[in-house]
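Letter by letter, the chains look like this.
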Amino acid sequence: MRVHPQPRVAPVTGADSRRAGLTAWTRQRLRELLPAAPELAALEAVSGDASHRRYFRARPLAGVSYIAVDAPPDKEDSHAFVEVCQLFGEAGLRAPRLFAADLDRGHLLLEDLGDQLYLPHLLRSRDAGDTAAADRLIHAAIDSLLDLQQRVDASRLPDYDETELMAEMSLFPDWFCRRWLGVAANAEQRAILAECFRFLCDSALSQARVAVHRDYHSRNLILPATRPGHPGIIDFQDAVRGPGSYDLVSLLRDCYIRWDRRRLDGWIGHYLEGARRRGIGDGVSAARFRRDFDLMGLQRHLKVLGIFCRLAVRDRKPGFLQHLPLVMDYFVEVAGEYAEMAPLLAWFRRDLEPLAREKIERGR
């Protein structure tokens with residue numbers, strides 16, 4: 001992979017000047033990669049995500065495509081993306097190859113892994129009762145997760161430490177409660193939050209430390225066109241060295257699709273069997289791992305409630321609010337199994353959940 005400067009282009013005004021700059025840069029990179037190809041006509045918008053990154057497909061030749069990424073450097077850290085992309089590639093994971101990057105401009109040219117995300121395939125298999133298809137997809141995702149945990153050098157990643165864990169959970173009172181619901185926690189409620197956050201943070205920090213993707217779910221896994229059984233992995237730039245249960249709970253208590261308890265238990269068993277064979281997790285018991293899994297999920301879902309509301313309020317992406325009911329369901333069900341969470345659960349069910357569901361129902 002080579003890092004290139006931005007070519008000189010005529011100034012463009014308006015909201016999409018960055019797209020024009022990315023197009024010019026991509027054309028130059030493709031001329032170097034494919035000298036005989038005709039000049040790229042245009043970039044095709046693919047999608048955005050919960051960040052400020054935008055993705056475009058470049059088709060210089062029939063049957064050939066690349067992904068061009070615009071990640072404004074004042075809002076996104078492309079250095080982290082490049083470093084983790086290379087780290088995952090060295091570990092043999094199915095992450096996209098990086099062909100070129102301009103880190104100062106926030107422009108990247110990547111291998112195109114396709115657009116067959118896991119989520120629609122999982123939804124179809126669940127709704128059709130096709131348990132075999134769901135098992136194949138989830139088992140492949142778990143096996144790739146085990147590859148990640150076993151092969152990626154976690155020491156080269158930033159630590160997912162107490163400061164970060166606590167900062168994430170603070171998104172719940174800030175964005176879910178105060179900025180979206182208009183509910184400011186009083187002194188008693190702040191004390192409840194502090195105690196529960198401490199409990200969840202201590203649990204996370206007690207787990208074996210491995211490489212953590214940090215958003216390993218059905219919208220960031222791609223059905224492979226090649227190498228069956230190895231899903232494409234994207235959106236990995238926030239990877240850290242952190243708790244061993246984190247990515248599994250992201251996958252199995254996915255914010256976009258729900259599975260019944262029996263399926264969940266079977267897939268956790270598949271993970272634990274693979275982890276033991278590979279020596280991952282220090283031989284932790286199944287009961288201890290399930291507790292770690294549950295409490296890690298509570299930390300994550302408090303964070304997600306805050307993030308989805310921040311996306312709606314600050315970033316004007318209200319579509320994420322439709323996923324709040326599932327996240328709230330996860331929180332209520334799992335918190336109810338742990339006495340340490342009872343004070344926060346009681347406040348949530350009495351004051352916060354009814355108001356949130358009313359707002360969602362009214363489309364606000």
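What counts as what
- Residues numbered from 1 in each chain as written.
- Predicted model: local features only at pLDDT ≥ 70, side-chain atom pairs only at ≥ 80, totals over all residues.
- Heavy atoms only, no water.
- Helix = DSSP H or I, 4+ residues; strand = E, 2+ residues; numbered from the N terminus.
- Rg over C-alpha atoms; globule rule 2.2 N^0.38 Å.
- Buried < 20%, exposed > 50% of the residue type's maximum accessible area, 1.4 Å probe, protein only.
- Contact = heavy atoms within 4.5 Å.
- Disulfide = S-S within 2.5 Å.
- Arc of directions from axis to C-beta.
- Salt bridge = Lys/Arg side-chain N within 4 Å of Asp/Glu carboxyl O.
- Phe/Tyr/Trp six-rings, centres within 6.5 Å; stacked < 30°, edge-to-face > 60°.
- pLDDT = per-residue confidence, 0-100.
- Expected span 1.5 Å × (residues − 1).
- Axes fitted to C-alpha atoms, helices over the stretch in contact; angles between N-to-C directions.
- Left-handed = near helix turned anticlockwise from the far one by under 90°.
- Nonpolar A, V, L, I, M, F, W, Y, C, P; charged D, E, K, R; others polar.

A word on the overall build of the protein. For the protein, the helix and strand inventory stands at 12 helices and 10 strands. Relative to a compact globule of 364 residues, whose C-alpha radius of gyration would be 21 Å, the protein shows 22 Å and is just as compact. Considering only C-alpha atoms, the protein reaches an extent of 65 × 50 × 40 Å along its principal axes. Scored against the burial criterion, the 364 residues of the protein give a buried share of 52%. Expressed as a percentage of contacts within the protein between residues at least 6 apart in sequence, the contacts between residues at least 24 apart total 73%.

Moving on: the state of the cysteines. One pass over the full model with this rule turns up 0 disulfides. Unpaired in this structure, Cys 177 has its nearest cysteine sulfur neighbour in Cys 309, at a distance of 8.7 Å. Judged by its relative accessible area of 1%, Cys 177 is buried. The buried category is assigned to Cys 309, whose relative accessible area is 0%.

Regarding helix 5 (residues 162–169), the residues found buried are Leu 165, Glu 168 and Met 169. Looking down the long axis of helix 5, one finds its buried residues gathered within 95 degrees of arc, a one-sided arrangement. As for helix 5, its buried residues are in contact with helix 6 (171–181), helix 7 (187–205) and helix 10 (286–313).

Positionally, Val 334 belongs in helix 11 (residues 324–335). Spatially, the C-alpha atom of Val 334 lies 13 Å from that of Leu 252, the residues being 82 residues apart in sequence. With near-sequence residues (within four places) excluded, Val 334 lies in contact with Arg 253, Asp 294 and Leu 298.

Glancing now at the pattern of salt bridges. Any two side chains of opposite charge can pair if their charged atoms end up close together. For the coordinates displayed, the defined rule picks out 41 salt bridges. The partner of Arg 253 in a salt bridge is Asp 294, with the nearest N and O atoms 3.0 Å apart. Of this pair, Arg 253 sits in the loop between helix 8 (246–252) and helix 9 (261–278) while Asp 294 sits in helix 10, placing them 41 residues apart in sequence. The same class applies to Arg 253 as to Asp 294, namely buried. Across the pair Arg 350 and Asp 351 runs a salt bridge whose closest N-O atoms are separated by 3.1 Å. Arg 350 gets classed as exposed once you look at its relative accessible area, which sits at 53%. A network of salt bridges, in which partner residues are shared, links Arg 253, Arg 261, Asp 265, Arg 290, Asp 294 and Glu 337.

Summed over the entire model, instances satisfying the criterion amount to 14 aromatic pairs. A centroid spacing of 5.5 Å and a plane angle of 80 degrees characterise the contact between Tyr 160 and Tyr 246, whose relative ring orientation is edge-to-face. In this pair, Tyr 160 is assigned in the loop between helix 4 (131–151) and helix 5 and Tyr 246 in helix 8, connecting sequence segments 86 residues apart. Residue Tyr 246 is classed as buried on the basis of its relative accessible area, which comes to 0%. Between Phe 176 and Phe 348, the ring centres sit 6.1 Å apart and the planes meet at 20 degrees, which makes this aromatic pair stacked. Here Phe 176, found in helix 6, pairs with Phe 348, found in helix 12 (residues 342–361); they are 172 residues apart in sequence, far enough to count as distant. Like Phe 348, Phe 176 is buried. Aromatic ring contacts, followed pair by pair, group Phe 172, Phe 176, Trp 180, Phe 331 and Phe 348 into a single cluster.

A few words on the environment of Pro 72. Tracing the sequence through the fold places Pro 72 in the loop between strand 4 (64–70) and helix 2 (78–90). Linking Pro 72 and Gln 116, residues 44 residues apart in sequence, is a C-alpha distance of 26 Å. Not counting residues within four places of it along the chain, the set of residues in contact with Pro 72 comprises Arg 18 and His 52.

The next point concerns the confidence of the model for the protein. Averaged over all residues, the pLDDT of the protein equals 93, while 94% of them reach at least 70. Counting interchain partners and residues more than four positions distant, the pLDDT-below-50 stretch residues 1–15 has 31 contacts.

Spanning 12 residues, helix 11 covers 16 Å between terminal C-alpha atoms, matching the ideal 16 Å at 1.5 Å per step. Among the 12 residues in helix 11, 9 count as buried, and that is most of the element. Within helix 11, burial applies to Leu 324, Leu 326, Val 327, Met 328, Tyr 330, Phe 331, Val 332, Val 334 and Ala 335.

A word on the packing of helix 9 against helix 10. How two helices sit against one another is set out by the angle between their axes and by the gap between those axes. Here helix 9 crosses helix 10 at 120 degrees, and the two axes come no closer than 11 Å. For the pair helix 9 and helix 10, the crossing hand works out as right-handed. On the side of helix 9, the interface is formed by Arg 261, Leu 264, Asp 265, Ile 268, Tyr 271, Leu 272 and Arg 276, while helix 10 contributes Ala 286, Phe 289, Arg 290 and Phe 293. Of the residues in the contact of helix 9 with helix 10, the class split is 7 nonpolar, no polar and 4 charged.

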